[in-house]
Amino acid sequence: MPKAYVFTRYGGPETEELVEVDRPVPGPGQVLVAVRAAGVNPVDWKQRTGYRRPGESGERQFPVVLGNEVSGVVVETGAGVDGFAVGDEVFGNTLTGGYAEYTLLPTAVTARKPSALSFRDAATLPVAAATAYDGIRQLDLPAGATVLVTGAGGGVGIAAVQIARAFGLRVVGVASEAKKDFVEQYGAIHVPSGPDLAERVRAAVPDGVYAVYDLVGGEVLTEAASLLDDRTKLIAAGAPAEVVEELGGARVARARTAAVLDAVAELVVKGDLDPHVTRTFPLERAGEALRTVEEGHARGKIVIEVAG
């Protein structure tokens, strides 16, 4: 039987284990994929603690396979699937978890992997890069405008910095002092995180910022919002919708489409977006991979590679 890394109940790392599971069976509009790589994200461990994404409903049936994004090879298609065939190399958002030898992908959020894109890099795109892309597109800024990205040293943040730069924007990236070089290497003006953020941003860019993409929430979001004349140019992925709306902004509207996956993959192939995979782990060490992200030690992306 195929293996998968799961959590057996809500809680901490003690709820996780590598187990044997039944191979999923694709339903209508789904493809079964032999996983080659799975991206690791903060949302993975948050879901283990009981967190649910906006709009997510229904009771989880334990054990739950961890992971939300993969790349791999189609080995079976469900009823009504058009446009995908056995043998296609694909990447996308999972229905049945990504830290596994097999998973199901809905074709609406599945894209063909370009031959120039590795399985490793493709597996990092459906969550962080796609969220970054959706946010920058939502802001709809004119070329040359200045956008402030908070949490610029994280997975979504560093992708947002690069995508904004590819769209011709000037970027101010808020991140810890330890990530200064990391943020600046992708063309952002670095501003250290911490108290009195707004004052430091004004000193760094005296002409001000036109928009804010917040990935942190809390006081950082409030200070960042104070920098804007037009609060409709405030979007956030790091705070509840009601909090953002009280400040005059909005949550990032996730498109969750194959077209977005195609777009971010093209940016990687063109050299405009570096997925920045810093470490890989085999499936047998999935717990170690997740700890690296959960404990905040990751710079860039962590990927679990699954043997073909």
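Conventions used here
Residues numbered from 1 in each chain as written. Predicted model: local features only at pLDDT ≥ 70, side-chain atom pairs only at ≥ 80, totals over all residues. Heavy atoms only, no water. Helix = DSSP H or I, 4+ residues; strand = E, 2+ residues; numbered from the N terminus. Expected span 1.5 Å × (residues − 1). Buried < 20%, exposed > 50% of the residue type's maximum accessible area, 1.4 Å probe, protein only. Contact = heavy atoms within 4.5 Å. Pairing = 2+ DSSP bridges. Axes fitted to C-alpha atoms, helices over the stretch in contact; angles between N-to-C directions. Parallel < 35°, antiparallel > 145°, perpendicular 65-115°, else oblique. Nonpolar A, V, L, I, M, F, W, Y, C, P; charged D, E, K, R; others polar. Right-handed = clockwise from strand over helix to strand, strands pointing away. Core = buried A, V, L, I, M, F, W, Y, C linked by side-chain atoms within 4.5 Å. Salt bridge = Lys/Arg side-chain N within 4 Å of Asp/Glu carboxyl O.

### Regarding helix α9 (residues 258-270)
Next, step 1: For α9, built from 13 residues, the straight-helix expectation of 18 Å at 1.5 Å per residue is met to within 8% by its first-to-last C-alpha distance of 18 Å.
Next, step 2: Those residues of α9 lying buried are Ala258, Val260, Leu261, Ala263, Val264, Ala265, Leu267 and Val268.
Next, step 3: Against the buried residues of α9 lie β6 (89-93), β8 (110-112), α3 (125-139) and α4 (155-166).

### A short note on the pairing of β6
Next, step 1: Most of β6 sits inside the fold, with four of its five residues counted as buried.
Next, step 2: Where strand β5 (residues 69-77) meets β6, five bridges bridge the pair, whose relative direction is antiparallel. Bridge pairing in β6 places Ser71 opposite Phe91.
Next, step 3: Relative to β8, β6 is paired through three bridges, and the arrangement is antiparallel. Along β8, the bridge assignment pairs Gly92 with Thr110.

### Some thoughts on the sheet that holds strand β11 (residues 189-192)
Next, step 1: Spatially, the six strands line up as an open sheet ordered β11-β10-β9-β12-β13-β14, and their pairing is parallel. A single partner strand is all that each edge strand has here, and the edge strands are β11 and β14 (250-251).
Next, step 2: Packing against the sheet, α3 makes contact with β9 (146-150), β12 (211-214), β13 (234-236) and β14, and its axis sits at approximately 160 degrees to β12.

### Focus: the packing of α3 against α9
Next, step 1: In contact at an axis separation of 10 Å, α3 and α9 are set at 95 degrees when each is read in the N-to-C sense. Judged by the inter-axis angle, α3 sits roughly perpendicular to α9. The segment α3 lies against α9, with Leu125, Pro126, Ala129, Ala130, Tyr133 and Asp134 engaging Val260, Leu261, Ala263, Val264, Ala265, Leu267 and Val268.
Next, step 2: For the contact of α3 with α9, the class distribution of residues is 12 nonpolar, no polar and one charged.

### Structural notes on the pairing of strand β10 (residues 170-175)
Next, step 1: β10 sits mainly inside the fold: five of its six residues count as buried.
Next, step 2: With five bridges joining them, β9 and β10 adopt parallel strand pairing. Pairing of Val149 across the sheet is with Gly173, part of β10.
Next, step 3: Regarding topology, α4 serves as the crossover connection from β9 to the parallel β10, and that connection is right-handed.

### Points about the nonpolar core
Next, step 1: With 43 residues, the main nonpolar core has Leu125, Val147, Tyr213 and Leu273 as its most contacted residues.
Next, step 2: Contributing elements (two or more residues each) for this core: α3, β9, α4, β10, α5 (180-184), β12 and α9.
Next, step 3: The residues touching Leu125, leaving out its near neighbours within four places in the chain, are Glu69, Phe91, Leu117, Ala130, Val264, Ala265, Val268 and Leu273.
Next, step 4: Core analysis: the next-biggest nonpolar cluster, separate from the first, contains 26 residues, Val31, Phe84, Leu283 and Ala286 among them.

### Structural notes on the environment of Phe62
Next, step 1: Relative to the elements of secondary structure, Phe62 occurs in the loop between α1 (42-48) and β4 (64-65).
Next, step 2: Relative accessible area serves as the criterion here: at 37%, Phe62 is assigned to the partly exposed category.
Next, step 3: Those residues within four positions of Phe62 in sequence are excluded, and the remaining contacts are Phe7, Thr8, Arg9 and Tyr10.

### Some remarks on the pattern of salt bridges
Next, step 1: If you walk through the whole model with that rule in mind, you get 14 salt bridges.
Next, step 2: Note that Glu16 and Arg48 form a salt bridge whose closest N and O atoms lie 2.8 Å from each other. Taken together, the residues span a long stretch of sequence, with Glu16 in strand β2 (residues 16-20) and Arg48 in helix α1 at a distance of 32 residues.
Next, step 3: Judged by relative accessible area, Arg48 falls into the buried class, the value being 1%.
Next, step 4: In this structure, Asp272 and Lys270 form a salt bridge, with 3.8 Å as the shortest nitrogen-oxygen distance.
Next, step 5: Of the residues examined, Asp272 reaches a relative accessible area of 31% and is grouped as partly exposed.
Next, step 6: For Lys270, a relative accessible area of 54% translates into the label exposed.
Next, step 7: Each of Glu16, Arg48, Arg291 and Glu294 takes part in a single network of salt bridges with overlapping partners.

Shape is all these values report; function is a separate question.
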